[in-house]
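What follows is the residue order along each chain.
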Amino acid sequence: MRAIAVNPERRSIDLVEHDEPELAEATDVRLRMLEVGVCGTDREIAAFEYGDPPPGSDHLVIGHESLAEVLEVGSRVTSLQPGNLVVPMVRRPCPHDFCRPCRSGRQDFCSTGDFRERGIKHQHGYMAELVVDDQDYMNLVPEVLRNVAVLVEPLTIAEKALEQVEHIQRRLPWGTENHRAVVLGAGPVGLLGAMALIVAGFDTWVYSRSPAPNDKADLAEAVGARYISSETHSADELREEVGNIDLVYEAVGASEVGFDVLSVLGTNGVFVFTGVPGRKAPFEAAIRHLTEHNRRWPDVLGSLVTHYPMEAYEELLTGRAGGIKQVIDIAAPAS
Ligand SMILES: [Zn+2]
Ligand SMILES: [Zn+2]
């Protein structure tokens, strides 16, 4: 089968021929990969900043944001059947008995750092025609989300943040009505975050570099956010426009603008840095909310995604490809 792999030793990225994975356990599921998203993490791996092949392998098949179709299930698989659409999770628990997060099934909080991540750390990823994994790591996706479900994994970033924000804001006994949120950045993580915040009831602003009008500003406004450019408004001027900034959702990576806006965070506010990775986030909430986003803004979700064939891997991984969220089409679903 074909797969896109990096070889960190040789510093190469190639479309390679790879052995097909087979069912090994009775709870294994065999997947035909349909779409795989490309994100900043993939580009950093392709620049050899990190990314670790599985032990004994000289290369790592990359890709962690995906949508797949179930092809075959082991004899003890109860939750899935061939034809189902799934989004597989990324992080796998560490082996240590003393790691309470991993032993509680919350490897996103792993305290040892010895977790594995498919397509990133010590396990092959999803930019391959076929993948085998345990049913426990699959999230069933309704058929209506076929065209946008590749956005589930990046949306889990916002879902996990919102879950934590909700815990923290419960300390305010008078509630959080009319709270105002500022999203930093208008890339896919930022725009998906803005949608999640609007659905959660926040008045939402998107603060990003390019002055409007531009595509990203149009999409932000189409979902009901207000767009402000950091080239025309300083952090202080942003605060004047917004008022008390109750929540900042940073989606630009560690950057100066993050620290500028931190200085104008409102009283009792919360600042979320998404740059710190937490990959096995609440998928169920992401799938539920994607259904809601798709109902409210079907055109916006669709226009976030630009499709490419596997052969375009070089331009995609060096960041030269156009579009907001680039997705590699691996296969069309069997019908
Ligand atoms: Zn990613
Ligand atoms: Zn752990």
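Residues numbered from 1 in each chain as written. Chains lettered and ligands numbered in written order. Predicted model: local features only at pLDDT ≥ 70, side-chain atom pairs only at ≥ 80, totals over all residues. Heavy atoms only, no water.

Undergrad: Could you clarify how one ought to interpret the coordination of the zinc ion (ligand 2) in this entry?
TA: For a metal bound by four donors in tetrahedral geometry, the ideal donor-metal-donor angle is 109.5 degrees, whereas six donors in octahedral geometry ideally sit at 90 or 180 degrees. The protein atoms that coordinate the zinc ion (ligand 2) are Cys-94 (SG), Cys-99 (SG), Cys-102 (SG) and Cys-110 (SG), at distances of 2.3 to 2.4 Å. Each of the four donor atoms bound to the zinc ion (ligand 2) contributes to angles spanning 104 to 115°, and the resulting shape is tetrahedral. (Donors = N, O, S within 2.8 Å, 3.2 Å for Na, K, Ca; no water. Tetrahedral: all angles 85-135°; square planar, octahedral: opposite > 155°, others 65-115°.)

Undergrad: Looking at this structure, I do not really get the pairing of strand E13 (residues 203-208). What am I missing?
TA: For a regular strand, side-chain orientation follows a simple rule: the groups alternate between the two sheet faces. Counting buried positions over the six residues of E13 gives five, a clear majority of the element. Two elements, strand E12 (residues 180-184) and E13, share five bridges in a ladder whose sense is parallel. Of the residues in E13, the one forming a bridge with Leu-184 is Tyr-207. Read from E12 through helix H4 (residues 188-199) to E13, the crossover connection turns out right-handed. (Buried < 20%, exposed > 50% of the residue type's maximum accessible area, 1.4 Å probe, protein only. Helix = DSSP H or I, 4+ residues; strand = E, 2+ residues; numbered from the N terminus. Pairing = 2+ DSSP bridges. Right-handed = clockwise from strand over helix to strand, strands pointing away.)

Undergrad: What is the right way to read the sheet that holds strand E4 (residues 60-61) from this model?
TA: Where strands meet in a sheet, backbone hydrogen bonds hold them as pairs that are either parallel or antiparallel. Read across the sheet, three strands follow the order E2-E1-E4 without closing on themselves; strand pairing throughout is antiparallel. In this open sheet, the two strands that pair with only one neighbour each are strand E2 (12-17) and E4. The pairing of strand E1 (residues 2-7) with E4 spans two bridges and is antiparallel. In the strand pairing of E4, Ala-5 is matched with Val-61.

Undergrad: Explain the packing of helix H3 (residues 152-169) against H4 here, please?
TA: Two quantities define a packed helix pair, namely the angle between the helix axes and the distance between the axes. One can describe the packing of H3 onto H4 by two numbers: an axis separation of 9 Å at closest approach and a directional angle of 45°. With respect to their mutual orientation, H3 and H4 come out oblique. Considering how the two elements wind past one another, H3 and H4 form a crossing that is right-handed. Across from Pro-154, Leu-155, Ile-157, Ala-158 and Leu-162 in H3, the residues of H4 making contact are Val-189, Leu-192, Gly-193, Ala-196 and Leu-197. Taken together, the residues that form the contact of H3 with H4 break down as nine nonpolar, one polar and no charged. (Axes fitted to C-alpha atoms, helices over the stretch in contact; angles between N-to-C directions. Parallel < 35°, antiparallel > 145°, perpendicular 65-115°, else oblique. Left-handed = near helix turned anticlockwise from the far one by under 90°. Contact = heavy atoms within 4.5 Å. Nonpolar A, V, L, I, M, F, W, Y, C, P; charged D, E, K, R; others polar.)

Undergrad: Just to check I follow, could you spell out the coordination of the zinc ion (ligand 1) for this structure?
TA: Protein-derived ligands of the zinc ion (ligand 1) are Cys-39 (SG), His-64 (NE2) and Glu-65 (OE), with the metal-ligand distances lying across 2.2 Å. All donors of the zinc ion (ligand 1) come from a single chain, and their spacing in sequence reads C-x24-H-E. Here Cys-39, found in the loop between strand E3 (28-38) and helix H1 (40-46), pairs with Glu-65, found in strand E5 (residues 65-73); they are 26 residues apart in sequence, far enough to count as distant. On the accessibility criterion, Glu-65 (3% relative accessible area) is buried.

Undergrad: Help me out: how do you make sense of the pairing of E3 in this one?
TA: Extensive coverage of E3 is indicated by the burial of 10 of its 11 residues. Pairing geometry for E3 and strand E10 (residues 130-134), over five bridges, is antiparallel. Residue pairing for E10: Leu-31 is matched across the bridge by Val-131. Two strands pair when backbone bridges link them, and E3 and E5 are joined in this way by eight bridges, in the antiparallel orientation. Across the sheet, the residue bridging to Val-36 is Ser-66, located in E5. Sheet topology places E3 next to strand E18 (residues 325-329); four bridges connect them, and they run antiparallel. Counted as the bridge partner of Gly-37 is Val-327 from E18.

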